[in-house]
Amino acid sequence: RVLNCHWGWYLAELDNAAWRAYWQAEVLRQVQANDNDGVFMDSLSVPNYLGSDHYVPPLPAVDNAFETAWATRIENWLIWLQSQPLGAYYLLPNVGSWITTRETTDYSAADGVMIEGFALEANESPYSLEDWQLQMNRALRLITQGRAILAQSYVTGNQERMFTLGSYLLIKGNRTFINIDLDIEPEWWPEYDIPIGSYVGGIPANVDALYNATWGVYTRTYSNGL
């Protein structure tokens, strides 16, 4: 058994038929009992991306074969779940910040994803431009497929919150949502009330399509703002 000492859970073997059957049946029982609409699947990432040294025994820090195999397991499991009774409910995994360039997991079999660490990791901790572009483009790829996006961030400063909101408005689709979170209780920030209206035109294929070279910024037109 492989234990994640930081969170106190064991690593599951997603290809194991008995475990799959147990998990699907138990979660189906819970969503039916609670009258839920779907399942939030926390930390469904290649496990060593969550910190290889957080496990006992430890996982490899970097190992292409290990990571590719795990990405394939996750993809196959999501495809299998959609073929089960649980597939009638929304399946929404947490994919983390999604800026790891060696990350190859295809989450298109899910009904959407939560991006935790959207736009910024934390106050005064910007991603590199390339990492930000990668995160935006990965989100846009799912948005153009009709998937839901929950863009979650933990920033508190005014500038950081505005940057996060601006990033969200650049990629927003019909099922794209933002949550700037501080605690268990939900927050409502004043920028949520800005009456910018609806986005004009379709979903951009990638974030580069929004770059305004004259101004040196990314722009997107809304019915009541830019």
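Above this text you will find the structure in question.
Here the structure is a predicted model, which means the values were calculated and not measured.

Undergrad: I'd like to hear about the overall build of the chain, residue by residue, with values.
TA: For the chain, the count of helices and strands is 4 helices and 10 strands. The secondary structure elements of the chain, listed N-terminal to C-terminal, are β-β-α-β-β-α-β-β-α-β-α-β-β-β. Relative to its length of 226 residues, the chain is compact, with a C-alpha radius of gyration of 19 Å against a globular reference of 17 Å. Along the longest, intermediate and shortest principal axes, the C-alpha atoms of the chain span 55 × 40 × 35 Å. Expressed as a percentage of the 226 residues in the chain, the buried residues total 42%. Within the chain, contacts between residues separated by at least 24 positions form 67% of all contacts whose residues are at least 6 apart in sequence. Accessible surface, the chain as shown: approximately 12,100 Å² in total, 53% of it carbon and sulfur.

Undergrad: Help me get a handle on the layout of surface pockets, residues and values and all.
TA: Put simply, the largest pocket is a space of about 1,200 Å³. Of the residues that constitute the lining of the largest pocket, the class distribution is 24 nonpolar, 9 polar and 5 charged. In this structure, the second largest pocket spans a volume of roughly 300 Å³. Around the second largest pocket sit 17 residues that line it, and Leu 120, Trp 132, Gln 159, Phe 163 and Ser 167 are the ones nearest its centre. Put simply, the parts of the chain that give the lining of the second largest pocket at least two residues each are helix H3 (129–143) and helix H4 (158–171). Here the element with the most residues in the lining of the second largest pocket is H4; it accounts for 7 residues. In terms of residue class, the lining of the second largest pocket is built from 10 nonpolar, 5 polar and 2 charged.

Undergrad: How would you summarise the pairing of strand E6 (residues 112–116) if you had to cite specific residues and measurements?
TA: With 4 of 5 residues buried, E6 lies mostly within the body of the structure. Across 5 bridges, E6 lies against strand E7 (residues 148–153) in parallel orientation. What sits directly across from Gly 112, in E7, is Ala 148.

The rules behind the values
Residues numbered from 1 in each chain as written. Predicted model: local features only at pLDDT ≥ 70, side-chain atom pairs only at ≥ 80, totals over all residues. Heavy atoms only, no water. Helix = DSSP H or I, 4+ residues; strand = E, 2+ residues; numbered from the N terminus. Rg over C-alpha atoms; globule rule 2.2 N^0.38 Å. Buried < 20%, exposed > 50% of the residue type's maximum accessible area, 1.4 Å probe, protein only. Contact = heavy atoms within 4.5 Å. Areas by Shrake-Rupley, 256 points an atom, 1.4 Å probe, with all protein chains shown as cover. 1 Å grid on protein atoms, 1.4 Å probe; cavity = no way out; pocket = protein on both sides within 12 Å on 5 of 7 lines; lining within 4 Å. Points joined across faces, edges and corners; volume = space filled by probe spheres on them. Nonpolar A, V, L, I, M, F, W, Y, C, P; charged D, E, K, R; others polar. Pairing = 2+ DSSP bridges.

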